[in-house]
Amino acid sequence: MSKIIGIDLGTTNSCMAILEGGQSIIIPNAEGSRTTPSVVAFQENGQRLVGEIARRQAAVNPQYTIFSIKRDMGSHRKISIQGKLYTPQEISAIILQKLKQDAEAYLGEPITEAVITVPAYFTDAQRQATKDAGTIAGLNVQRIINEPTAASLAFGVDKENQPQKIMVYDLGGGTFDVSVLDINNGVIEVLATAGNNHLGGDDFDACLADYLAKEFQKQYKYDIRQDAAAWQRVKEAAEKAKCELSGLQQTTVYLPYLVNGPKGPLHLQTTVTTALFNRLTAHLVEATIKPVRQAMSDAGLQPKDLSKVLLVGGSTRIPAVQKAVADYAGKAPFKGVNPDECVAMGAALQGGVLSGALTAGGKSLLLLDVTPYSLGVETVGGVFSVIIPRNTTLPTKQSQIYTTAAPFQSSVEIHVLQGESPQSQYNKTLGKFRLNGIRRALAGIPQIEVTFDIDVDGIVHVSAKDLHTGQQQQITITASQQMTPKQLAAAKADLQKHSR
Ligand code: AMP
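About the cut-offs
- Residues numbered from 1 in each chain as written.
- Predicted model: local features only at pLDDT ≥ 70, side-chain atom pairs only at ≥ 80, totals over all residues.
- Heavy atoms only, no water.
- Patch = residues over 30% accessible without salt bridge, like charges linked within 9 Å, V, L, I, M, F, W, Y side chains within 5 Å.
- Areas by Shrake-Rupley, 256 points an atom, 1.4 Å probe, with all protein chains shown as cover.
- Salt bridge = Lys/Arg side-chain N within 4 Å of Asp/Glu carboxyl O.
- Helix = DSSP H or I, 4+ residues; strand = E, 2+ residues; numbered from the N terminus.
- Pairing = 2+ DSSP bridges.
- Axes fitted to C-alpha atoms, helices over the stretch in contact; angles between N-to-C directions.
- Buried < 20%, exposed > 50% of the residue type's maximum accessible area, 1.4 Å probe, protein only.
- Near = heavy atom within 4 Å.
- Polar contact = N/O pair within 3.5 Å; in protein donor to acceptor, adjacent residues only side chain to side chain.
- Nonpolar A, V, L, I, M, F, W, Y, C, P; charged D, E, K, R; others polar.
- Phe/Tyr/Trp six-rings, centres within 6.5 Å; stacked < 30°, edge-to-face > 60°.
- Lys NZ or Arg CZ within 6 Å of the ring centre and 35° of its normal.
- Contact = heavy atoms within 4.5 Å.

Asks: Would you take a moment to explain a nonpolar patch on the surface for this structure?
Replies: Together, Phe408, Leu442 and Ile445 line one region of the surface with nonpolar side chains, adding up to about 300 Å² of accessible area. With respect to the helices, strands and loops of the structure, Leu442 is situated in the loop between strand 22 (428-435) and strand 23 (448-454).

Pasting the structure below:
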């Protein structure tokens, strides 16, 4: 088996790592960067661009530049490019293929195995879509693991002897996630998770860019937002200034020759202080604390119960974010691992565990994750009957016995759902199947055993069996957007056609 690389397939940026001599190291991409923007662009001549080069040309090719595809994973959305429809997993596969090729060039050997991380709240369909993206890119996805679990591995908290509860606060470019974990004896369990899928560093950039546009308008009576290319430069300058303000008290945004005014070129020049930046973005920092409280309350914990807070995601470099987290938790965040890199590093460590290269104190490391939603079936009157409650540790297998509602009913439909409402109609359908050949009997006599089996990747298998006749039917929950093996093979062949 080839080495197993760890991949953090992020909404904004992706990152990869590998285990070398018992240590997780980051694999730089072909451009020499340690993270790769999760951006794919299709050019008119059919050429595909991935990463920084795709991001840079976004302003001139907005229609065919795809950002944040992770948000669509597991959905039915199709992306139409030059007359061809792409699934989100095919777009993600283009990013994974670049990472794979760059890793191969850097390591000088073929890479076929990977551990890929996903947010803890990802549903079964989203996990399956991520696995499929790996398959299309020519990677055997050895394991899908939760991002906060990977981060805690990278911080080495699993190696400490005493049991502890920790919080992982993850503020990336476009998303915010917070998870509360229990760590005990090398076992990591996600107790609760919350977040906001549309809150991240991009929003901080937007606040600052808006401020710059207003200043420009005050000075020159010109709305820079009307000019796509100039506005793109302002947004990029805002991000750069934001990053500088993580280390400085003030910075100057200077964009010469931004647009042509009636009397010649107009330049943008403004000084931004940390105090001003904090005022412009205070509501965003505050918005992260509500999910923090939610996750802590779901986990049944108080801030004083936390032994550590880990910061993940590039946006946790913002001092005001660090202060807000420290104020809530009553302690400074635990430092030591780069926030943009720790998830990939943890994934590489998990790869090491799977390949047998890494053990914890002689015994192999265990990783436990939990189901983010309750799972069950619909029963009479649309009532949702829970078989596996939310936050159950994976892998798990549980059964319940149901019966028929009508006399001599020969078949039942098993409607599999996830969610927290007692009424099925408010939960999400994962799949449906029919069990035929039920023994002829009055209502309430047949015994139908429904079993849910969730594997280590969080993928759900459901079976129903008539205990009298032995008739059985089963499905692996694959929301209908899942790709068949044939579709996967076709997508893989198509991707290879476009490979370098
Ligand atoms: P991630 O999705 O974890 O790669 O985080 C990307 C986000 O982190 C982007 O919005 C970046 O602008 C932001 N970021 C990276 N470095 C810094 C920094 N030094 N200060 C503030 N934000 C940063």
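Asks: Got a minute to help me understand the sheet that holds strand 13 (residues 176-184) in this structure?
Replies: Sheets are built from strands paired through backbone hydrogen bonds, the pairs being either parallel or antiparallel. Spatially, 14-13-12-17 is the arrangement adopted by the 4 strands of the open sheet, whose pairing is mixed. Edge positions in the open sheet fall to strand 14 (187-196) and strand 17 (306-312), since each of these has one partner strand only. Looking at each pair of strands side by side, their axes are set apart by 20° on average, direction ignored. For strand 12 (residues 164-171) and strand 13, the ladder comprises 8 bridges, and the chain directions are antiparallel. Residue pairing across strands places Val168 opposite Ser179, the latter belonging to strand 13.

Asks: Looking at this structure, I do not really get the pattern of salt bridges. What am I missing?
Replies: A pair can form between side chains of opposite charge whenever their charged atoms are brought close. Counted by the stated rule, this structure contains 24 salt bridges. We note a salt bridge from Asp210 to Arg225, for which the minimum N-O separation is 2.9 Å. You can see Asp210 sitting in helix 5 (residues 201-220) and its partner Arg225 sitting in the loop between helix 5 and helix 6 (228-244), a full 15 residues away along the chain. By relative accessible area, Asp210 is classed as partly exposed at 27%. Assessed through its relative accessible area of 30%, Arg225 is described here as partly exposed. Linked through salt bridges whose partners overlap, the residues forming this network are Arg48, Lys84, Asp494 and Lys497.

Asks: Please explain unusual backbone geometry as it appears in this structure.
Replies: Excluding glycine, residues mostly carry a negative phi; peptide bonds, for their part, are mostly trans. Despite not being glycine, Ser68 has its phi angle at roughly 55°, a positive value. Take Ser68: it is sitting in the loop between strand 7 (65-66) and strand 8 (79-81). Under the relative-accessibility criterion, Ser68 is labelled buried at 17%. Phi is positive for Tyr257, close to 50°, though the residue is something other than glycine. Note that Tyr257 resides in strand 15 (residues 250-261).

Asks: Looking at this structure, I do not really get the site of the ligand. What am I missing?
Replies: Neighbouring the ligand are 14 residues; Asn13, Glu239, Lys242, Ser246 and Gly314 lie closest to it. At 2.9 Å, a backbone N or O of Gly314 approaches an oxygen atom of the ligand. Note that an oxygen atom of the ligand is positioned 3.2 Å from one of the backbone N or O atoms of Ser315. Looking at which element gives the most residues to the shell around the ligand, the answer is helix 6, with 3 residues. Of the residues that constitute the shell around the ligand, the class distribution is 2 nonpolar, 9 polar and 3 charged.

Asks: What should I look at first to understand the packing of aromatic side chains in this one?
Replies: The geometry of an aromatic ring pair comes down to the distance between the two centres and the angle between the two planes. This model, assessed by the stated rule, comprises 7 aromatic pairs. Between Phe155 and Phe334, the aromatic rings sit 6.0 Å apart at their centres with planes inclined by 40°, giving tilted as the arrangement. Of this pair, Phe155 sits in the loop between helix 4 (147-154) and strand 12 while Phe334 sits in the loop between helix 8 (319-329) and helix 9 (342-355), and the two are 179 residues apart along the sequence. Plain terms: the ring middles of Phe204 and Phe277 are 6.3 Å apart, the flat faces sit at 35° to each other, and that makes the pair tilted. Residue Phe204 is found in helix 5, and its partner Phe277 is found in helix 7 (residues 274-298); the two are separated by 73 residues along the sequence. For Phe204, a relative accessible area of 0% puts it in the buried group. Clustering of aromatic rings is evident, with ring pairs tying together Phe216, Tyr220 and Tyr222. Taking NZ or CZ as reference, Lys308 lies 5.1 Å from the ring centre of Phe334, over its face. Stacked on the ring of Phe408, the Lys or Arg Arg440 has its end atom at 4.4 Å from the ring centre.

Asks: Is there a simple way to think about the sheet that holds strand 21 (residues 412-418) in this case?
Replies: Strand order in the open sheet formed by 4 strands is 19-18-21-22, with antiparallel pairing between adjacent strands. Since the sheet does not close on itself, it has two edges, and those belong to strand 19 (383-388) and strand 22, each with one partner. The sheet shows a mean angle of 30° between the axes of neighbouring strands, direction not considered. Summarising the sheet, strand 21 and strand 22 pair through 7 bridges and their orientation is antiparallel.

Asks: Mind showing me how you'd approach the pairing of strand 24 (residues 460-466) here?
Replies: Each regular strand carries side chains that alternate between the two faces of the sheet. The buried fraction of strand 24 amounts to 5 of the 7 residues, a majority that puts the element mostly inside the structure. In this structure, strand 23 lies alongside strand 24, joined through 7 bridges in antiparallel fashion. Of the residues in strand 24, the one forming a bridge with Ile454 is Val460. Linking two consecutive strands that pair antiparallel, namely strand 23 and strand 24, is a turn of 5 residues; a positive phi of about 85° is found at Gly458 within it. Where strand 24 lies against strand 25 (residues 472-476), 5 bridges are found, and the strand directions are antiparallel. Paired with Ala464 across the bridge in strand 25 is Gln473. The turn linking strand 24 back onto strand 25 is made up of 5 residues, and Gly470 within it adopts a positive phi angle of 80°.

Asks: Got a minute to help me understand the environment of Ile145 in this structure?
Replies: Structurally, the position occupied by Ile145 is in strand 11 (residues 140-146). Separated by 254 residues in sequence, Ile145 and Ser399 have C-alpha atoms that sit 25 Å apart.

Asks: Sorry, what's going on with the side chain of Asn29 here?
Replies: Tracing the backbone shows Asn29 in the loop between strand 3 (23-26) and strand 4 (36-37). Judged by its relative accessible area of 7%, Asn29 is buried. A distance of 3.0 Å separates a polar atom in the side chain of Asn29 from the backbone nitrogen of Glu31. Of the polar contacts made by the side chain of Asn29, one reaches the side chain of Thr36; its length is 2.9 Å. Filtering out sequence-adjacent residues up to four positions away, Asn29 remains in contact with Thr35, Thr36, Lys98 and Asp102.

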